[in-house]
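Observations on chain architecture
Next come the chains, spelled out residue by residue.
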Amino acid sequence: MKPLLFTSAFLITAALPAFASANTNQPGNCAIYAEELSKAVSADDRLTGETESEAVETLDAYGTTLRGVVADGMEQTYAQSKAFGWDKAKVDAMIAENETAIRKGFYTPTMDRGRVYTDHLMAVMQCTQISAQQGHVAAADVDTMSTRLTAVMNVIR
């Protein structure tokens, strides 16, 4: 029997920093990481011009793609959740709580908000690679993300 994974839901066990507790095999978590990193790239004054705009464009497209994956799998998630006695409202509430925790944990207390950190880039890159393995994005998308996040990395060093 295949283990119950809740393939579409946002699952995380604690409100730890995204890079420390990244459950990068979950499309919902990765969508949140991409969204938060996109906001950080936009806010980080070290990033400007093409580096900023291309990174934001790629992160936003990736986040949108994964939000679609999540939406497409929600009926299965709701069905699987019934085994635990959870109805749709309970699942939706848990997802909202977990999303809030992931967003809150994106920055540690020692990080400056609105700044991009290597840990953030690594978490999103890991997400992208796993998304390709799961068939959610193409290898070319991984290459594009890698190129653009490497450009960001080169600026923030």
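Residues numbered from 1 in each chain as written. Predicted model: local features only at pLDDT ≥ 70, side-chain atom pairs only at ≥ 80, totals over all residues. Heavy atoms only, no water.

1. Some points on the overall build of the protein chain
Each helix and strand in the protein chain was counted, giving six helices and zero strands. Each helix and strand of the protein chain, ordered N terminal to C terminal, gives the series α-α-α-α-α-α. When contacts within the protein chain are restricted to residue pairs at least 6 apart in sequence, those whose partners lie at least 24 apart make up 68%. (Helix = DSSP H or I, 4+ residues; strand = E, 2+ residues; numbered from the N terminus. Contact = heavy atoms within 4.5 Å.)

2. Brief notes about the packing of aromatic side chains
All chains considered together, the criterion is met by two aromatic pairs. Each ring, one from F84 and one from W86, has its centre 4.9 Å from the other, and the planes form 20 degrees; the classification is stacked. A relative accessible area of 45% means that F84 is categorised as partly exposed. Here the aromatic rings of F106 and Y107 are separated by 5.2 Å at their centres, their planes lie at 90 degrees, and the arrangement is edge-to-face. Take F106 and Y107: they sit in the same class, and that class is buried. (Phe/Tyr/Trp six-rings, centres within 6.5 Å; stacked < 30°, edge-to-face > 60°. Buried < 20%, exposed > 50% of the residue type's maximum accessible area, 1.4 Å probe, protein only.)

3. Focus: the state of the cysteines
Tallied over the full model, the rule gives one disulfide. Here C30 pairs with C127 through a disulfide, and the sulfurs are 2.1 Å apart. Looking down the S-S bond of the C30 and C127 bridge, the torsion is -80 degrees, so its handedness is left-handed. Residue C30 is located in helix 2 (residues 27–43), and its partner C127 is located in helix 5 (residues 118–133); the two are separated by 97 residues in the primary sequence. (Disulfide = S-S within 2.5 Å.)

4. Looking at helix 2
Look at helix 2: 24 Å from first C-alpha to last across 17 residues, which is about the 24 Å you get at 1.5 Å a residue. For helix 2, a buried count of 13 out of 17 residues is recorded, marking the element as mostly surrounded by other parts of the structure. (Expected span 1.5 Å × (residues − 1).)

5. What about the nonpolar core?
By size, the foremost hydrophobic cluster in this structure holds 31 residues, and its most contacted members are L37, V41, L59, Y62, V116, L121 and L149. For this core, the elements supplying multiple residues, two or more each, are helix 2, helix 3 (49–81), helix 5 and helix 6 (139–156). For this core, the element with the highest residue contribution is helix 2, accounting for eight residues. Those residues in contact with L37 that sit more than four places away from it in its chain are L59, F106, V116, H120, L121, V124 and L149. Counting five residues, the second largest nonpolar core, distinct from the first, contains V70, M74, Y78 and V91. (Core = buried A, V, L, I, M, F, W, Y, C linked by side-chain atoms within 4.5 Å.)

6. As for the pattern of salt bridges
Applying the stated criterion to the full structure yields 12 salt bridges. Its salt-bridge partner being R103, residue E35 comes within 2.4 Å of it at the nearest N-O pair. Residue E35 is located in helix 2, and its partner R103 is located in helix 4 (residues 88–104); the two are separated by 68 residues in the primary sequence. Note on E35: relative accessible area 22%, which makes it partly exposed. Taking the relative accessible area as the measure of exposure, R103 reaches 22% and is therefore partly exposed. A salt bridge links E36 to R103, with the shortest nitrogen-to-oxygen separation between them at 2.5 Å. Of this pair, E36 sits in helix 2 while R103 sits in helix 4; the two residues are 67 residues apart in sequence, bridging distant segments of the chain. Given the relative accessible area of 10%, E36 is considered buried. Three or more residues joined by partner-sharing salt bridges are found here, namely E35, E36, K39, R67, E99 and R103. (Salt bridge = Lys/Arg side-chain N within 4 Å of Asp/Glu carboxyl O.)

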